[in-house]
Amino acid sequence: MGDHSHGSPSTSGTVATAGQSDVEKFQDPGLPPHRPRRADKDPRAEKRAERQVAILFVISIIGTVLFFVGYFGIRLDDTIATLRFQNFTLGMGTAFAMLGIGVGIVHWAKTLMPDHEIVEERHEVRTEEDRRDAEQIIGQVLDESGISRRPLIRNTLIGAGVLAILPAIGIFRDLSKDMNPEVLRHTMWDAGVRLTRDPSGTPIKASDVTIGSAFHVIPEGLNEAEHKLEEKAKAVVLLMRLNPDELNVSPGREDWNYNGIVAYSKICTHVGCPVALYEQHTHHLLCPCHQSTFDLTQECKVIFGPAAHALPQLPISVDDEGYLVATSDFHEPVGPSYWERG
Amino acid sequence: MSASTDTYVPKTRVGRITNFVDTRVGGSSIVKEFGRKIFPDHWSFMFGEVALYSFVILLLSGTFLTFFFDPSMAETHYDGVYVPLKGVEMSVAYQSTLDISFEIRGGLFMRQLHHWSALMFVASVSFHMLRVFFTGAFRRPRELNWVVGCVLLILALAAGFTGYSLPDDLLSGNGLRIIDGVIKGIPLVGTYISLLLFGGEFPGTDIVGRLYVLHILLVPALILLMIAVHLFMVVVHKHTQYPGPGRSESNVVGFPIGPVYAAKAGGFFFVVFGILAVIAANFQILAIWDYGPYDPSPVSAGTQPDWYIGWVDGALRLMPGVGEFVIFGRTISLNVLLPALAPAGLLFTLMFAWPWIERWVTKDHREHHILDRPRNAPFRTGIGVAGIVFYSVMWAAASSDLIATHFHVSLNDVTYWLRALFFLGPILGFIVTRRICLALQRKDREIALHGRETGRIVRLPHGEFIEVHEPLNDYKLYRLVNFESPEVLPAQPNKAGHIKRSEKLRGSLSRFFFEDRVAPVTRAELEAAHSHHAEVEAPAEKAEVSGR
Ligand code: HEM
Ligand code: FES
């Protein structure tokens, strides 16, 4: 190691080792000469730098004081403005406290500490000799253990080892008590369950649903259900009314709508976001997550985007009081596809 | 053990302390090893430091948050100070996040600091990785450290994702729901993984607690372990350095750790902390009270996931809705599986394997401690940019709706364009970048041979105008001529005299990468150029003199 950073190229110490023998290559001129900084030459500049560093440290102290002023001086009430103001004071206090120290130290290092580059030699990571010794030792260890000469021992050990790992995986089986994929097929909807508004749970009369309107719907009784969120995650429905001639109804679904009122699962068949946007004039439903677009007039067939199958339709009718009810559960699982869906 | 009296009698206070410590637990050898160890300096080496420091800040702010956060998904009714949510049903986890924001002094600041540091962490790890890639710092002997780095990147993403899901607000719940949908798309085991992860059906009451353990224990512990291994290897290998006069494969040129490097690096920690504090003080992030507790029904359009998740979300968007089919009563959904796994799988496989791929193509098994200037490795730089373009197209796709509204174009068109770019972009990126690199290399050659253009025009005696070129000094010249440029290495027959298929492939890759190479200037070329100049320069001087 040594300091070679002074002098002209021809006298400066470092000389290239790489490529020296190669006539085609250029000779390494060595480190460029060191250029003294202002503070190296001028004692006044040095004093100034010293003062600047100290001022920066004082700014840090002021920052810490500011933090405590914000912490004790600002009383949180219930307005966001006060909260923001306190957050600003604490944050800027911390920022000054940290930047004062940080910029101060860096400035100190850059202006006042030596800036001569130093050269150190690299060494090989390890010597070849060590490698040969290691190889020999490992060989000897393996040999003395006899593991390569006694395949019976080796193979049973490998077998035992592999098996012994399995409990460590198997013991996680009880992460879920309920492992039957069939639960994904069913929702709270059933014959006679009323369609109610989300989130209030008030039932909806067929006459409330005018052409062009859309309702976010949950099954009656959801708000009191035991596993409310799990049920809601499967059962949410969008309810819309179209002019009956605009609906292209496929055979078997003739009585699934009521005078042009249709109900579709709100859970995107792509990966499960709520399909929240209804474009009235085009009759498109749009999923905001990855823009799958479903055409309401074609039984919510996918017309754009990554979803691969239509939104399931909920068959509906009205009860004797004129409220909309489901006539059965969905006829297929809602939401994203899964292996057992079929 | 008779004469155990000290023969070394320290005279200074530092000496006495050193003596006390060293004779009890040792340690002076560490000081000897590291006290004046040389570390090269360059702005691009700071990304690794920023990553390290933002991780420290994550640990500090995160620990604060654990004292107040409650990862329970039990149901409760809010009765805190934030009026709009009074009485609303929510999980305890969400409520405790509200309380940290509204009722714990400095809590909001810590939340914002933590989140901003997380974004900075992933960003700096990514930039650090790009720096290592584009300069070839991953070459022997540092391949394993590159692998450790790739693992760190994955862990950084895991840390971010598990953290994002904790507050149990609308955004985090929606994020989880997307994950659940993707998991369910995995053939054979997907449904079971989903049921196990959520402890039953989505969302269940377990997931936040489980992610919490991963987020505050497992993932950070693994990151710490990997950082320790990573930095240990940096010390073993010694840092790389940029090429330049005085710097060779066999030395390290830079500043000693004590005091200069330690001061700069240590000071820089406070600078990073300070900058993050400024951001956290002024820019609101994840205002969970605006979104409300998780509810499977509502959704806020235009909300974005954290930036580093965006590319996967974008890949999901780009895929057309094809590839779902049923065989033997089982459903396979390639429309989900393919975009969720293929691009990420491709990127990460190439990333992990790149040091070996490059080594295989170039057959270069030597150690490298001098970095490449990116222009001097046009093939690698091109590949890297192709990767960046590939990533960026997916990332842009995650904002396709915002792009569409901002530029008043149809969303579908944006998607079609991005689908095309997904395939063409990387190819174009590669070609253009390689061309730019080669052009820069040729320019470097010009300058090395004929000197720098000065902009001064003079008239030769016979009336011709020429621009005066100023020859470079030895240092600048060395910078431009001292690099390696791999050559095409055609397929070689093996011992039996056959050319194997893999070797043929290697040969053609080598041709593809290196056939347009620009060779470094040789001494002979420079001398030839100078003797030519001598004729031109001499009259040029005369011309100037006579001009006055
Ligand atoms: C948790 C995240 C990470 C931290 C805290 C971290 C930290 C560091 C630090 C402080 C250095 C030395 C200074 C420097 O060269 O910047 C370094 C070097 C290095 N890092 Fe990382 N790093 C991280 C992630 C990565 C990633 C994702 C990669 C690549 C895939 C990577 C590959 C490397 C390599 C190969 C070196 C040696 C560079 C050289 O000697 O030139 N690191 N890392
Ligand atoms: S979840 Fe609806 S498009 Fe992806």
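The structure displayed is predicted, hence computed values, not measured ones.

## Focus: the overall build of chain A
Step number 1: Within chain A one finds 6 helices and 12 strands.
Step number 2: Over its C-alpha trace chain A gives a radius of gyration of 38 Å, far above what one expects of a compact globule, namely 20 Å for 342 residues.
Step number 3: Looking at chain A residue by residue over its 342 residues, the buried ones come to 43%.
Step number 4: Long-range pairs, those at least 24 residues apart, make up 57% of the contacts in chain A with a sequence separation of at least 6.
Step number 5: When the accessible surface of chain A is summed, it comes to about 18,400 Å², and 59% of that surface belongs to carbon and sulfur atoms.
Step number 6: Side-chain charges of chain A comprise 33 positive and 46 negative groups, with the mean position of each set lying 7 Å from the other.

## As for the overall build of chain B
Step number 1: Assigned secondary structure in chain B consists of 19 helices and 8 strands.
Step number 2: Burial statistics for chain B: of 548 residues in total, 49% are counted as buried.
Step number 3: Just so you have it, chain B exposes about 26,400 Å², and 67% of that area is on carbon and sulfur atoms.
Step number 4: Where the 49 positive side-chain charges of chain B centre and where its 47 negative ones centre are 9 Å apart.

## Focus: the pattern of salt bridges
Step number 1: For the coordinates displayed, the defined rule picks out 35 salt bridges over all chains.
Step number 2: For Asp115(A), the salt bridge goes to Arg37(A), with nearest N and O atoms at 3.5 Å. With Asp115(A) in the loop between helix 3 (80–111) and strand 1 (118–121) and Arg37(A) in the segment before helix 1 (38–41), this residue pair connects regions lying 78 residues apart in the sequence.
Step number 3: Overall, Arg37(A) belongs to the buried group, its relative accessible area being 17%.
Step number 4: Lys264(B) is the salt-bridge partner of Asp41(B), the closest N and O atoms lying 3.0 Å from each other. Placement of Asp41(B) in the loop between strand 1 (38–39) and helix 3 (46–66) and of Lys264(B) in helix 10 (residues 257–282) is noted, with a sequence separation of 223 residues between them.
Step number 5: Here the residues in one salt-bridge network are Arg139(B), Glu358(B), Asp372(B) and Arg380(B), joined through shared partners.

## A look at a nonpolar patch on the surface
All names here are of chain B.
Step number 1: A cluster of nonpolar residues, Val213, Leu214, Ile216, Leu217, Leu218, Leu222, Leu225 and Val229, forms a patch on the protein surface that exposes about 650 Å² of accessible area.
Step number 2: Positionally, Leu217 belongs in helix 9 (residues 207–237).
Step number 3: Taking the relative accessible area as the measure of exposure, Leu217 reaches 54% and is therefore exposed.

## Considerations on the side chain of Thr196(A)
Residue and element names in this part refer to chain A.
Step number 1: Its place among the elements puts Thr196 in strand 2 (residues 195–197).
Step number 2: On the basis of relative accessible area, Thr196 is assigned to the buried category, the value being 1%.
Step number 3: In terms of polar contacts, Thr196 uses its side chain to reach the backbone carbonyl oxygen of Ile218, at 2.7 Å.
Step number 4: Beyond its immediate sequence surroundings of up to four residues, Thr196 is in contact with Gly201, Thr202, Pro203, Ile204, His216, Val217, Ile218, Pro219 and Glu220.

## Focus: the coordination of the iron atom of ligand 1
Residues and elements named next belong to chain B.
Step number 1: Bound to the iron atom of ligand 1 on the protein side are His128 (NE2) and His230 (NE2), at distances that span 2.0 to 2.1 Å.
Step number 2: For the iron atom of ligand 1, the 6 donor atoms are set out with angles of 74 to 179° between them, so the coordination reads as irregular. Remark: His230 occurs in helix 9 and His128 occurs in helix 5 (residues 107–135); sequence separation between them is 102 residues.

## So, the site of ligand 1
Residue and element names in this part refer to chain B.
Step number 1: Residues in close proximity to ligand 1 total 24 residues, the closest being His128, Gly149, His230, His239 and Thr240.
Step number 2: The side chain of His128 places a nitrogen or oxygen atom 2.5 Å from a nitrogen atom of ligand 1.
Step number 3: A distance of 2.7 Å is found between an oxygen atom of ligand 1 and a side-chain nitrogen or oxygen belonging to Arg131.
Step number 4: Elements supplying a minimum of two residues to the shell around ligand 1: helix 3, helix 5, helix 6 (143–164) and helix 9.
Step number 5: If one sorts the elements of the shell around ligand 1 by residue count, helix 5 sits on top with 6 residues.

## So, the layout of surface pockets
Residues and elements named next belong to chain B.
Step number 1: In this model, the largest pocket occupies a volume close to 1,400 Å³.
Step number 2: Along the wall of the largest pocket there are 48 residues; nearest its centre are Phe161, Gly175, Ile179, Ile309 and Val312.
Step number 3: Elements with a contribution of two residues or more to the lining of the largest pocket: helix 6, helix 7 (170–184), helix 8 (190–198), helix 9, helix 12 (310–318) and helix 13 (334–362).
Step number 4: Looking at the lining of the largest pocket, the element that brings in the most residues is helix 7, giving 8 residues.

So, how was this worked out
Residues numbered from 1 in each chain as written. Chains lettered and ligands numbered in written order. Predicted model: local features only at pLDDT ≥ 70, side-chain atom pairs only at ≥ 80, totals over all residues. Heavy atoms only, no water. Helix = DSSP H or I, 4+ residues; strand = E, 2+ residues; numbered from the N terminus. Rg over C-alpha atoms; globule rule 2.2 N^0.38 Å. Buried < 20%, exposed > 50% of the residue type's maximum accessible area, 1.4 Å probe, protein only. Contact = heavy atoms within 4.5 Å. Areas by Shrake-Rupley, 256 points an atom, 1.4 Å probe, with all protein chains shown as cover. Lys, Arg positive; Asp, Glu negative; His and termini not counted. Charge placed at Lys NZ, Arg CZ, Asp CG, Glu CD. Salt bridge = Lys/Arg side-chain N within 4 Å of Asp/Glu carboxyl O. Patch = residues over 30% accessible without salt bridge, like charges linked within 9 Å, V, L, I, M, F, W, Y side chains within 5 Å. Polar contact = N/O pair within 3.5 Å; in protein donor to acceptor, adjacent residues only side chain to side chain. Donors = N, O, S within 2.8 Å, 3.2 Å for Na, K, Ca; no water. Tetrahedral: all angles 85-135°; square planar, octahedral: opposite > 155°, others 65-115°. Near = heavy atom within 4 Å. 1 Å grid on protein atoms, 1.4 Å probe; cavity = no way out; pocket = protein on both sides within 12 Å on 5 of 7 lines; lining within 4 Å. Points joined across faces, edges and corners; volume = space filled by probe spheres on them.

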